[in-house]
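Take a look at the letters that make up each chain.
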Amino acid sequence: MRFRAKIVDLACLNHFSRVINTIAKLAKTCTLCLTDSKLYFILSDKVANGGVSMWCELCQGNFFDEFQMEGAAAEHNEIYLELVPENLSRALKTAQNAKTVKIKLTNKHCPCLRIAVELPSLSSSSRIVTHDIPVGVIPRRLWNEFREPSVPDFDVSIYLPMLKTMKSVVERMKNLSNSIVIEANLSGEMNLKIETDLVSVSTHFKDLGNPPWASEDGCQSSSQGRDLESMAEARIDIKKLQQLLAGQQVNPTKALCNIVSKRVVHFILLHEDVSLQYFIPALA
């Protein structure tokens, strides 16, 4: 298995850093899957056990000036690595004004992603700072655990309000309760609600719009034939929602959520070259 890549363009480098910072805020450890055209950052805590899961997809051509890889075998040209995204985020922080950043999979004492950052210097020779980030190589037999999660058979799909607005609402609410109810309907209305013995607070959003899923790609959802006004709702852990909103460093061009009543809320944040899906299971 071999992998090496290089980023020269500073805008691409800063964008890549922001994506990694976002992932580091959402996952303590995650799986990095490399293919010849894409990178995937995957967190697959079993939603059934109350864990969140994440699927973040990047087109390598939009970030890297050079990208070469050889997977585990010719017919399985993929590499799966387990890593701590915070370590990668820290390494990239040293690269803010770098001339180039090279990333390479090495195996000196243990498998590592070596990040070599070439920094501009006043003399003619440049300084190179290297970071070795330990990774675990995931064997072929376990790859099936890291497939893209299927879009759940949702009751309602709705565009989210401005994430900054939503974030400030959720931050105020999190001091009052550990859980929050998200409810929405097919008329573009969404409510964030907190109900405890002492207080009940709700924030209403309207005219958000509903994505044209069902008509577009034949994606059958249980929203078809549903009363437009009736609300689908799920109660979720408010800290997990706050983590998603606080971690956003890549301003998405589109953000939406699918609600499967009382089961899961599936967030999709789309940027032109990055997509992030995040599943938060409902609390009983």
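Counting restarts for each chain, with residues numbered from 1 along the sequence as it is written. Whole-chain, interface and lining totals are the exception, using all residues; otherwise, since this is a predicted model, local features are given only for residues with pLDDT of at least 70 and side-chain atom pairs are given and counted only at 80 or more. To get the side-chain values, all heavy atoms of the structure are used, and hydrogens and water are removed first.

A word on the domain arrangement of the chain
- An automatic or database domain assignment supplies the start and end points of every domain. If you check the domain split of the chain, you get domain 1 (2–145) and domain 2 (156–216 + 229–281).
- Only heavy atoms matter for contacts: two residues are in contact if any of them lie within 4.5 Å across the pair. Taken residue by residue, the interface counts 20 residues in domain 1 and 19 residues in domain 2.
- The helix count covers DSSP runs of H or I at least four residues long, the strand count covers runs of E at least two residues long, and both are numbered beginning at the N terminus. Every element with two or more residues in the side of domain 1 that touches domain 2 is listed here: helix H1 (10–26) and strand S4 (53–59).

Section: helix H3 (residues 163–173)
- Listed as buried for H3 are Leu-163, Met-166, Val-169, Val-170 and Met-173. An end-on view of H3 places all buried positions within 125° of arc, on one side of the element. Residues of H3 that are exposed and point more than 90 degrees away from the buried face comprise Lys-164 and Arg-172.
- Tucked into the core, H3 has its buried residues touching strand S12 (179–184), strand S13 (190–195), strand S14 (200–205), helix H5 (238–246), strand S16 (254–260) and strand S17 (264–271). Relative accessibility thresholds used throughout: buried, under 20% of the residue-type maximum; exposed, over 50%; partly exposed, between the two (1.4 Å probe, protein chains only). The arc refers to the directions leading from the helix axis to the C-beta atoms.

Overview of the packing of H3 against H5
- Direction vectors running N to C along H3 and H5 enclose 145°, while the axes themselves pass 9 Å from each other. Crossing of H3 against H5: the hand is left-handed. Together, Leu-163, Met-166, Lys-167, Val-170, Glu-171 and Met-173 of H3 and Ile-238, Leu-241, Gln-242, Leu-245 and Ala-246 of H5 make up the contact between the two elements.
- Classes in brief: Ala, Val, Leu, Ile, Met, Phe, Trp, Tyr, Cys and Pro nonpolar; Asp, Glu, Lys and Arg charged; the others, Gly included, polar. In the contact of H3 with H5, the residues fall into eight nonpolar, one polar and two charged. Think of each axis as a best-fit line through the C-alpha atoms, taken over the contacting stretch in the case of a helix, with angles from 0 to 180 degrees between the N-to-C directions. Here a crossing is called left-handed whenever its near helix is offset anticlockwise from the far helix by less than a right angle, and right-handed whenever the offset is clockwise.

Points about the sheet that holds strand S5 (residues 66–70)
- By definition, two strands form a pair when at least two bridges between them are found by DSSP. One open sheet holds the five strands; their spatial order is S5-S1-S7-S8-S9, and the pairing between them is antiparallel. Either end of the sheet is taken by a strand with one partner, and the two such strands are S5 and strand S9 (127–134). The sheet shows a mean angle of 15° between the axes of neighbouring strands, direction not considered.
- Of the strand pairs in this sheet, strand S1 (residues 2–7) and strand S7 (residues 100–107) are connected by four bridges, and their pairing is antiparallel. Bridge pairing in S7 links Lys-6 to Lys-102.
- Its contacts with the sheet put helix H2 (residues 85–93) on S7, strand S8 (111–119) and S9, and the angle it makes with S9 is roughly 175°.

Points about a positive patch on the surface
- Candidates for patches are residues over 30% relative accessible area with no salt bridge; among them, like charges are joined within 9 Å and nonpolar side chains (Val, Leu, Ile, Met, Phe, Trp, Tyr) within 5 Å. All accessible-area figures derive from a Shrake-Rupley calculation using a 1.4 Å probe, and residue coverage is judged against the displayed protein chains alone. Definition used for salt bridges: Asp or Glu carboxyl oxygen within 4 Å of a side-chain nitrogen of Lys or Arg. Neither His nor the chain ends is counted toward charge; the positive residues are Lys and Arg and the negative residues Asp and Glu. Charge positions are represented by NZ for Lys, CZ for Arg, CG for Asp and CD for Glu. Side chains of Arg-4, Lys-102, Lys-104 and Lys-108 sit close together on the surface and give a patch of like positive charge.
- Along the chain, Lys-108 falls in the loop between S7 and S8.
- On the accessibility criterion, Lys-108 (64% relative accessible area) is exposed.

Here we look at the environment of Ala-116
- Looking at the element boundaries, Ala-116 is found in strand S8.
- Aside from chain neighbours lying at most four places away, what touches Ala-116 is Thr-100, Val-101, Lys-102, Ile-128, Val-129 and Thr-130.

Points about the sheet that holds S13
- If you trace the four strands from one edge of the open sheet to the other, you get S14-S13-S12-S15, paired in antiparallel fashion. Looking at which strands have only one partner, the edges of the open sheet turn out to be S14 and strand S15 (232–237). On average, adjacent strands in this sheet sit at an angle of 20° to one another, irrespective of strand direction.
- Packed onto the sheet, H5 meets S12, S13 and S15 and runs at close to 90° relative to S15.

Points about the pairing of strand S3 (residues 38–44)
- Counting buried positions over the seven residues of S3 gives five, a clear majority of the element.
- Sheet analysis places strand S2 (residues 30–34) next to S3, joined by four bridges and oriented antiparallel. Looking across to S3, one finds that Cys-33 is bridged to Tyr-40.
- Counting the residues between successive antiparallel strands, the hairpin from S2 to S3 contains three residues.

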